[in-house]
Amino acid sequence: QVQLVESGGGLVQAGGSLRLSCVASGRTFSSYAMGWFRQAPGKEREFVAGLTGTGGRTAYAESVRGRFTISRDNAKNTMYLQMNSLKPEDTAVYYCARDLQRRFTVATTTSAYDAWGQGTQVTVSS
């Protein structure tokens, strides 16, 4: 069973940057799409960004487009989320997730993803 471990969260001032990492166990990391989601207190978990197995196709939520960049290094079994120009409304727990059913497309719903990390807290102060 795959394990996903996020890191890189923390406290940052508005306008600052953070880079999240997600390391996956297993030998077939490049065979499936991956995604980042976030959940703020009292809100539903929402899609942030996703990418295909090779990383050649990406998708972003409108709220983060142009500020966040998703990428992956399949040789290291690692996915990244570079977050720039952070805003207080970006404050949430960020989760990485695996979509075992898709390799060449990106799904944006939580139900499409079958494995989740434990989450990493991102707090943006104003």
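Residues numbered from 1 in each chain as written. Predicted model: local features only at pLDDT ≥ 70, side-chain atom pairs only at ≥ 80, totals over all residues. Heavy atoms only, no water.

(A) Representation of the overall build of the chain. Secondary structure summary: the chain contains zero helices and eleven strands in total. Along its sequence from the N terminus, the chain presents helices and strands in the succession β-β-β-β-β-β-β-β-β-β-β. Taking 14 Å as the expected radius of gyration for a compact globule of 126 residues, we find that the chain reaches 13 Å, a close match to that expectation. The C-alpha extent of the chain, read off along each of the three principal axes, is 40 × 25 × 25 Å. Expressed as a percentage of its 126 residues, the buried residues of the chain come to 46%. (Helix = DSSP H or I, 4+ residues; strand = E, 2+ residues; numbered from the N terminus. Rg over C-alpha atoms; globule rule 2.2 N^0.38 Å. Buried < 20%, exposed > 50% of the residue type's maximum accessible area, 1.4 Å probe, protein only.)

(B) Highlighting the packing of aromatic side chains. The final tally for this structure, using the stated rule, is five aromatic pairs. Ring geometry for Phe-29 versus Tyr-32: centroids 5.9 Å apart, planes at 85°, classification edge-to-face. Classification of Phe-29 as buried rests on a relative accessible area of 1%. With centroids separated by 6.2 Å and ring planes inclined at 55°, the aromatic side chains of Tyr-113 and Trp-116 adopt a geometry described as tilted. An aromatic cluster is built from Phe-37, Phe-47, Tyr-113 and Trp-116, whose rings are joined through pairwise contacts. Across the ring face of Phe-29, the terminal group of Arg-72 is positioned such that the distance to the ring centre comes to 4.3 Å. Positioned above the aromatic ring of Tyr-32 is the side chain of Arg-98, whose terminal nitrogen or guanidinium carbon lies 5.3 Å from the ring centre. (Phe/Tyr/Trp six-rings, centres within 6.5 Å; stacked < 30°, edge-to-face > 60°. Lys NZ or Arg CZ within 6 Å of the ring centre and 35° of its normal.)

(C) Structural view of the state of the cysteines. Under the defined criterion, the tally for this structure stands at one disulfide. One disulfide in the model links Cys-22 with Cys-96; its S-S distance is 2.1 Å. Looking along the S-S bond of the Cys-22-Cys-96 disulfide, the torsion reads about 55°, which is the right-handed sense. Here the residue Cys-22 occupies a position in strand S3 (residues 18-24), and Cys-96 occupies one in strand S9 (residues 92-99), the gap between them amounting to 74 residues. When sorted by exposure, Cys-22 lands in the same class as Cys-96, which is buried. (Disulfide = S-S within 2.5 Å.)

(D) The pattern of salt bridges, seen in detail. Following the criterion strictly, the structure yields six salt bridges and no others. For Arg-65, the salt bridge goes to Glu-62, with nearest N and O atoms at 3.3 Å. By relative accessible area, which is 46% here, Arg-65 ends up partly exposed. What makes Glu-62 exposed here is its relative accessible area of 62%. Overlapping salt bridges, with partners in common, bring together Arg-38, Glu-46, Arg-67 and Asp-90 in one network. (Salt bridge = Lys/Arg side-chain N within 4 Å of Asp/Glu carboxyl O.)

(E) Structural detail: the sheet that holds strand S1 (residues 4-7). Taken in spatial order, the four strands line up as S1-S3-S8-S7 in an open sheet, and their pairing is antiparallel. Because the sheet does not close on itself, it has two edges, and the strands there are S1 and strand S7 (68-73). The mean inter-strand angle of the sheet, taken between neighbouring strand axes irrespective of direction, is 15°. Across six bridges, S7 lies against strand S8 (residues 78-83) in antiparallel orientation. (Pairing = 2+ DSSP bridges. Axes fitted to C-alpha atoms, helices over the stretch in contact; angles between N-to-C directions.)

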